[in-house]
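# Fold and contact review
So you can see what is in the structure, the chains are spelled out below.
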Amino acid sequence: MSTLWVGTSWKMTKTLTEARAWAEGLREHLDTVPDGVQPFVIPSFTATTTVREILGEDSPVLLGVQNAHWEDTGAWTGEVSVPQAKDAGAQIVEIGHSERREHFGETVETTRLKVAAALRHGLTPLLCIGESAGVKEAGGSSAFILEQAAGALEGLSEEELARVVIAYEPIWAIGEKGRPATVEELVEPFAALGAEYTRRVAGLLYGGSVNLGNAADLLGIDHVTGLFVGRTAWELEGYLELLAIAGRS
Ligand code: 13P
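This write-up is about the structure you can find in this document. (Residues numbered from 1 in each chain as written. Predicted model: local features only at pLDDT ≥ 70, side-chain atom pairs only at ≥ 80, totals over all residues. Heavy atoms only, no water.)

## Concerning unusual backbone geometry
In this model, lysine 14 sits at a positive phi of 80 degrees, which is unusual for a non-glycine residue. By secondary structure assignment, the location of lysine 14 is in the loop between β1 (4–9) and α1 (16–28). On the basis of relative accessible area, lysine 14 is assigned to the partly exposed category, the value being 22%. Residues other than glycine seldom take positive phi values, yet histidine 223 does so here, at roughly 85 degrees. (Helix = DSSP H or I, 4+ residues; strand = E, 2+ residues; numbered from the N terminus. Buried < 20%, exposed > 50% of the residue type's maximum accessible area, 1.4 Å probe, protein only.)

The following block contains the structure:
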């Protein structure tokens, strides 16, 4: 059985005090992380080093950043590079979340450059893809997400592809304004993604309104090898429960 990835992005939440409390709590519960489950946490940049220091250098919990620039250094005011993220303790770079595509001009081209930058520096690219409600209603979900993935992963060798994690997060299912997807709605997109990427990438995750009630069913969908979670995991208890659910899957 393949590893199940279960992680959270904190998005733009948590003070350092809150970040510290969550990370210290997780450190105290590491013995409850089930075998075969790969935990990861993606705080805001401001909390990266704090969380790294609390988890320690050799933690089984992988640490990520929510974005990074494709250039290594230079005059890019307000940006953080992959080498800087790595220096701060990150092992994962989240790339192309729909909130970044919608609000910050992320494109297929920039996701491609960022995937390449992460791989160049030995970090794991966590590529997020997902279609809008309009694309879904028009019946174009699978074609749309395959195109987003193919564009971002263009030109990679099989060895490089094997280091990439893909998270499928339909925009209509994300956040306060989203509604949880049903298993039926996700079968076809995951069949399409699976046909292309199963066994070629490190993980094929689902994200969008994952909660304690639907997590087990979502993990039961063919080709799904993990969950990428927002709100439910921002309280440590929720995250620990999701890890336990994955352990029973
Ligand atoms: P929610 O779980 O809060 O819907 O967020 C999902 C997400 O966008 C994770 O990156």
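## Describing the packing of aromatic side chains
For the structure shown, the criterion picks out eight aromatic pairs. Here the aromatic rings of tryptophan 70 and tryptophan 76 are separated by 5.8 Å at their centres, their planes lie at 65 degrees, and the arrangement is edge-to-face. On the accessibility criterion, tryptophan 70 (22% relative accessible area) is partly exposed. For the pair tyrosine 168 and phenylalanine 190, a centre-to-centre distance of 5.5 Å together with 70 degrees between the ring planes defines the contact as edge-to-face. Of this pair, tyrosine 168 sits in strand β6 (residues 165–168) while phenylalanine 190 sits in helix α9 (residues 183–197); the two residues are 22 residues apart in sequence, bridging distant segments of the chain. For tyrosine 168, a relative accessible area of 0% gives the class buried. (Phe/Tyr/Trp six-rings, centres within 6.5 Å; stacked < 30°, edge-to-face > 60°.)

## Comments concerning the side chain of serine 98
Among the secondary structure elements, serine 98 is positioned in helix α4 (residues 98–103). Excluding anything up to four places from it in sequence, serine 98 contacts Ile171 and Ile174. (Contact = heavy atoms within 4.5 Å.)

## Let's talk about the site of the ligand
Inspection of the region around the ligand gives Lys11, His97, Glu169, Ile174, Gly175, Gly208, Ser209, Phe228, Val229, Gly230 and Arg231 as its neighbouring residues. Here an oxygen atom of the ligand and a backbone polar atom of glycine 175 are 2.8 Å apart. The backbone of glycine 230 places a nitrogen or oxygen atom 2.9 Å from an oxygen atom of the ligand. Against a free-state accessible area of 300 Å², the protein chains account for coverage of 99% of the ligand. Looking at the shell around the ligand residue by residue, the class counts come to three nonpolar, five polar and three charged. (Near = heavy atom within 4 Å. Polar contact = N/O pair within 3.5 Å; in protein donor to acceptor, adjacent residues only side chain to side chain. Areas by Shrake-Rupley, 256 points an atom, 1.4 Å probe, with all protein chains shown as cover. Nonpolar A, V, L, I, M, F, W, Y, C, P; charged D, E, K, R; others polar.)

## Quick word on the sheet that holds strand β3 (residues 62–65)
Strand order in the closed barrel formed by eight strands is β1-β2-β3-β4-β5-β6-β7-β8, with parallel pairing between adjacent strands. Pairs of neighbouring strands in the sheet enclose a mean axial angle of 25 degrees, with direction left out of account. Of the pairings in the sheet, the one linking β3 to strand β4 (residues 92–95) comprises two bridges and is parallel in character. Bridge pairing in β4 places glycine 64 opposite isoleucine 92. The sheet contacts of helix α7 (residues 141–153) involve β5 (124–129) and β6, and relative to β5 the element is tilted by about 150 degrees. Strands in contact with helix α11 (residues 236–248) are β1, β2 (37–42) and β8 (226–229); relative to β1, the strand with the most contacts, it is inclined by about 165 degrees. (Pairing = 2+ DSSP bridges. Axes fitted to C-alpha atoms, helices over the stretch in contact; angles between N-to-C directions.)

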